[in-house]
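# Commentary on secondary and tertiary structure
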Amino acid sequence: MLDLRQYSCLGAALRDALDRFSPHVCLIEADRDREKVRLTYSDFKEIALPLTRALEDAEFDPGDRAAIIMTNQSKWLISAYAIFYAGGVLVPLDYKLTPAEHLQLLAHSKAKLLIVEYYLWRAIMQSPDFHKIGTKFVLVTEAPLGADLAGAFRWEDFKRKGAPDFVMRQREDVACIVYSSGTGGRPKGCVLTHENYLEQCRALTTWYPFWPGVRYLSILPTNHAIDFMVGFIGPFVCGACVVHLRTLRPEFVRDAFVRYRITYVSLVPMIVKNLERGLRAKFDELPSWKRPFLDAMIATNKLLTILRPNVKLSRLLLPGIHRAFGGELLALITGGAFMEPSTMQFFYDLGIPVVNGYGLTEAGTALTLNDLKPFRADTVGKPLPGVELRLLNPDTEGVGEVAVRSKTVMSHYLDDPELTLETIVDGWLLTGDLGRFDGNGHLQLFGRKKNMIVTEGGKNIYPEDIETVFDGLPVKEYCVFAANYIWPKKDPGREMLVLVLRLEQNQSFDSKLLEDVSARNRRLPDFKRVGGYMIWEKDFPRTASMKIKRQVLAEEIGSSVDRSSVVSL
Amino acid sequence: MAPMQTTDKTLDEILTLASVHFKVPREKLFPDDDFFKTLGIDSLQTLDLLTKLENHFGVELPDYELQGVSDFRTLAGKIQARL
């Protein structure tokens, strides 16, 4: 792999990687069982440079911001490289947001350029706020012939002959603006520097290196910190190959493991649990004479790998299971949300280590990772090299708020000095997560101090951001909270949002109001929905400017009633 | 597939298939139901249902077509458009 200490920016590291690993395959893209793209590092360069030249000719200048709204595919990475080559700042946006949210974040980030897939662009064009779009130019991928693109250019035709100028950036220059969440209320744009990424990549590849021949299956969205690092920067600086799928249907994902003999994959806990369910169902279907044999093999594998994983041995003991995962899988990487220890243990016992970690967008990708020496299902691992962690105000059990100091911590929140000052104090990033170290230096998490939840799919949801859906609800006032914020719980398990309602005098909570609340809730994407509601009998405490004092209200509720007063929706 | 397939018929077939696949009585399923809630399924289980529907109707629905779709009627419209 490249020695990243020698580089001052991602563009330079990637440029050298394309030359150094030129004959190796860097990207495979498949739609269902049809392979659409297979590129070597040399092919990648040949496509990216004419695009870069065209961007430069269109006056995309160093320091300009470019947003990408695309599903995981080759053009995402090619576009990102072109942006870095030209010295631009990348703004990766979540393709699952609504068009209104996309427009809001495009405006907030002040992106000059947008690169977007056709179907997403079509949805943005139909938004009532489309006229407010401030991007200077837009490139649309995969647009059908004759499609109305509202003045946007076709990505596939946007190329110019001639070598583009490579723009060198310094380590402290901004590489990306990544939105950790906050579309409805206060966008939280994490400003991450080239140093943040280079150091994160160096730390991760120290423990989990890639090499030419590794095939990484990219399923988590590339705009997410994990896939951006583990499904783009990491593999590229090591000469590995990234496999993209245009569908996430389970049957095609399973097929891809085998077809492309996948080495690593990152999954959110929801998908890992789904895989576990599928495997358990298959085990249960085995003939009665076979099942004891399988159980014995699993028990043997468990015993022989208790101190260290031994994939070669596990593949011999449990060949059928490993063949179903392609026969070359080294580990499942997971993060972004709480993972049940029993699920991780289930896979480890089959000889498929689950590498669990902990991180947040504000700190690059990962702060801690399980080093498998030995495997621990009950922790989120140890701090990565270069990451300093400490616990603030620990209680009698040693549980305190996790704070981090590291070269991977973001520079600031975009255009929000107040939030930056609250979040980074004396050089330490306050994570809002509660944790404790065990005797072996492993971090264990115990829930959250801040008013937010993380879904099983790895999405951060801030209650303030979803309140707008209840605007106009015929009640006196309302407020949304994370249940664990009202009733602190030392358990990072399943989290939910609660709608607190204060009714008008003499108003009762009737079926019509319930239907109104439910209908509004259904308008939210499933992962953002409120899980229950409760009626509160007092007026909400408010500031002089009439903002709800959320913390005071949460404390009042928490000290008066318990969780059982929440009615499921 | 019969050339005169109507949206109503498509919708009816979707409800029947969902009912069989997730073992929910057919009479409890309605076109405007939020299928996540009515069927008690998560987004991954929905993908399983889509595969069944694709096989039944002989169409291919790209993942992006289904983003944000959560009721049977909209789903029927998406399938109908590809028949």
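Take the environment of A:Val89 next. Structurally, A:Val89 can be placed in strand β4 (residues 89-92). Taking the relative accessible area as the measure of exposure, A:Val89 reaches 5% and is therefore buried.

We now examine the packing of helix α3 (residues 74-85) of chain A against helix α7 (residues 225-238) of chain A. All names here are of chain A. Close contact between α3 and α7 brings their axes to 12 Å; oriented N to C, the two are set at 65 degrees. α3 and α7 meet at a crossing whose hand is right-handed. Facing Trp 76, Leu 77, Ala 80, Tyr 81 and Phe 84 of α3, the residues of α7 in contact are Phe 228, Gly 231, Phe 232 and Phe 236. Considered class by class, the residues forming the contact of α3 with α7 number eight nonpolar, one polar and no charged.

Time to look at the packing of helix α1 (residues 7-22) of chain B against helix α4 (residues 72-80) of chain B. All names here are of chain B. Two numbers describe how α1 lies on α4: the axes approach to 9 Å, and their chain directions differ by 120 degrees. The angle between α1 and α4 falls in the class oblique. Classified by chirality, the crossing of α4 by α1 is right-handed. Residues Thr 7, Thr 10, Leu 11, Ile 14, Leu 15 and Ala 18 of α1 lie in contact with α4, whose contacting residues are Phe 72, Arg 73, Leu 75, Ala 76, Ile 79 and Gln 80.

For the rest of this paragraph, the subject is the confidence of the model for chain B. When pLDDT is averaged across chain B, the result is 85; 95% of the residues are at 70 or more. In the predicted assembly, ipTM is 0.79 and pTM is 0.86.

So, about the pairing of strand β25 (residues 477-482) of chain A. For a regular strand, the rule is simple: side chains alternate between the two faces of the sheet. Residue and element names in this part refer to chain A. Most of β25 is tucked away: six of the six residues are buried. Neither face of β25 is exposed, since Glu 477, Cys 479 and Phe 481 on one face and Tyr 478, Val 480 and Ala 482 on the opposite face are all buried. As defined by bridge partners, β25 adjoins strand β26 (residues 497-502) across six bridges and the pair is classed as antiparallel. Across the sheet, Val 480 pairs through a bridge with Leu 499, a residue of β26.

Definitions and limits used
Residues numbered from 1 in each chain as written. Chains lettered and ligands numbered in written order. Predicted model: local features only at pLDDT ≥ 70, side-chain atom pairs only at ≥ 80, totals over all residues. Heavy atoms only, no water. Helix = DSSP H or I, 4+ residues; strand = E, 2+ residues; numbered from the N terminus. Buried < 20%, exposed > 50% of the residue type's maximum accessible area, 1.4 Å probe, protein only. Axes fitted to C-alpha atoms, helices over the stretch in contact; angles between N-to-C directions. Left-handed = near helix turned anticlockwise from the far one by under 90°. Contact = heavy atoms within 4.5 Å. Nonpolar A, V, L, I, M, F, W, Y, C, P; charged D, E, K, R; others polar. Parallel < 35°, antiparallel > 145°, perpendicular 65-115°, else oblique. pLDDT = per-residue confidence, 0-100. Pairing = 2+ DSSP bridges.

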